[in-house]
Amino acid sequence: MTIYFLIFLHPLLNTFASHTQSLCRSDQRDALLELRKEFPKHYEDYGLAIPWNKSVDCCSWDGVMCDAILGEVISLQLCLSDISVNTSLKSSSGLFKLHHLTFLDLSRCRLHGKIPSSIGNLSHLTSLDLSQNQLVGEVPASISNLNKLDYINLGKNHLRGNILTSFGNFTELYKLNLRENQFTGGISVLANLTSLSEIDISLNHFKSSFPSYDRRHNHLFIFWGYGNSLSGPFPTSLLMQPFLDEIDLSGNQFEGSIDFENTSSSTMLRVLHVGYNNLDGLIPESISKLFLATTISEDKLLDLYQN
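Parameters and conventions
- Residues numbered from 1 in each chain as written.
- Predicted model: local features only at pLDDT ≥ 70, side-chain atom pairs only at ≥ 80, totals over all residues.
- Heavy atoms only, no water.
- UniProt positions renumbered as here; feature names shortened; annotations may be inferred.
- Helix = DSSP H or I, 4+ residues; strand = E, 2+ residues; numbered from the N terminus.
- Buried < 20%, exposed > 50% of the residue type's maximum accessible area, 1.4 Å probe, protein only.
- Contact = heavy atoms within 4.5 Å.
- Areas by Shrake-Rupley, 256 points an atom, 1.4 Å probe, with all protein chains shown as cover.
- Disulfide = S-S within 2.5 Å.
- Pairing = 2+ DSSP bridges.

The name given to the protein chain in an unreviewed UniProt entry is Receptor like protein 30-like, with the source organism recorded as Camelina sativa. UniProt's Subcellular location (unreviewed entry) comment on the protein chain is quoted here verbatim: "Membrane".

(A) A look at the overall build of the protein chain. The number of helices and strands found in the protein chain is 3 helices and 18 strands. Counting all 307 residues of the protein chain, 47% fall into the buried class. Across the protein chain, the fraction of contacts at a sequence separation of at least 24, relative to all contacts at a separation of at least 6, is 52%. Looking at the protein chain as shown, the accessible area adds up to about 15,000 Å², and 53% of this sits on carbon and sulfur atoms.

(B) Structural context of the state of the cysteines. One pass over the structure, following the stated rule, counts 3 disulfides. Taken in N- to C-terminal order, the disulfide-linked cysteines of the protein chain are connected 1-2, 3-4, 5-6.

(C) Region of the structure containing the pairing of strand S8 (residues 158-161). Across the two faces of S8 the burial differs, with Leu159 and Gly161 buried and His158 and Arg160 not buried at all. Sheet topology places strand S6 (residues 134-138) next to S8; 3 bridges connect them, and they run parallel. From the neighbouring strand, Gly137 faces S8, where its bridge partner is Leu159. Summarising the sheet, S8 and strand S10 (residues 182-185) pair through 2 bridges and their orientation is parallel. Looking at the pairing, Gly161 lines up with Phe183 of S10.

(D) Main features of the sheet that holds S8. Reading across the sheet, the 5 strands line up as S4-S6-S8-S10-S12 and stay open at both edges, with parallel pairing between neighbours. Every interior strand has two partners, whereas the edge strands, strand S4 (112-114) and strand S12 (205-206), have only one.

(E) Focus on the side chain of Asp245. Locating Asp245 in the fold gives a position in the loop between strand S14 (231-233) and strand S15 (246-248). Residue Asp245 is classed as buried on the basis of its relative accessible area, which comes to 10%. With near-sequence residues (within four places) excluded, Asp245 lies in contact with Phe221, Met268, Leu269, Arg270 and Val271.

(F) Region of interest: the sheet that holds S14. Spatial ordering of the open sheet is given by S14-S16-S18, a layout of 3 strands whose pairing is parallel. On the outer flanks of this sheet lie S14 and strand S18 (278-279), each paired with one strand and no other. Summarising the sheet, S14 and strand S16 (residues 253-256) pair through 3 bridges and their orientation is parallel. By the bridge assignment, Ser231 is partnered in S16 with Gln253.

Below, the structure is given as structure tokens:
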């Protein structure tokens, strides 16, 4: 009886197993092949371990990852082993037909031109990395469709314009990198992103006063904003964030003295760079509340008020 039951069950086991195999859907494969044609060279020319061609299931192609059950492409890392595609992204690119992508890494691909508005088609993205390219122009408004993002890196491009107010919709965002671009305007929208842990807006052209931070921002760990034109009094509200480890706001236009009086004695701040501003006044004794994890060295004190 037991033997008969196992023999009867065996075909069913095979049926269930077949549904868990990562077999690429034909529409996903065609979109990837369409994307490959947009490059100056085919992926086979790069000597990848598993080239992009129809003889192999596309879920096994280098840089591609699929949902194990549905066969939808959910992750794409385009430039592997420092190989650059040296092209621009078209609005009609096959990339934007991969609607189920959650992870997209196009960093160091030597991409140029503008970010197409079609980027908004990828509404399931949680991670977007377009850093270290030659992208120009403004970030398209359609990026606001990507309200599931928890990581975005647009650093080291030639992007310009203001931070879109719609960035305030990225309520899940924990890491934002806009470093080394040509962004201008204010940064008040960043204060709306209460889940942020790491912010890097360094080496841009931001020119405004600094927004106030409150207890809602207690996830904040790193804030780098050096090399801009931020002005007004130094944002002491940053110093009150309990888990903040590093602040670098050097090379701006902050004025006056820094008030450490209201700083929490439980702060975890380890690094504070505020040199090359327009700060004045004496370094107060209340600074002893900071840097609890380290000894305050002469170099650290010089960095505070170096002009």
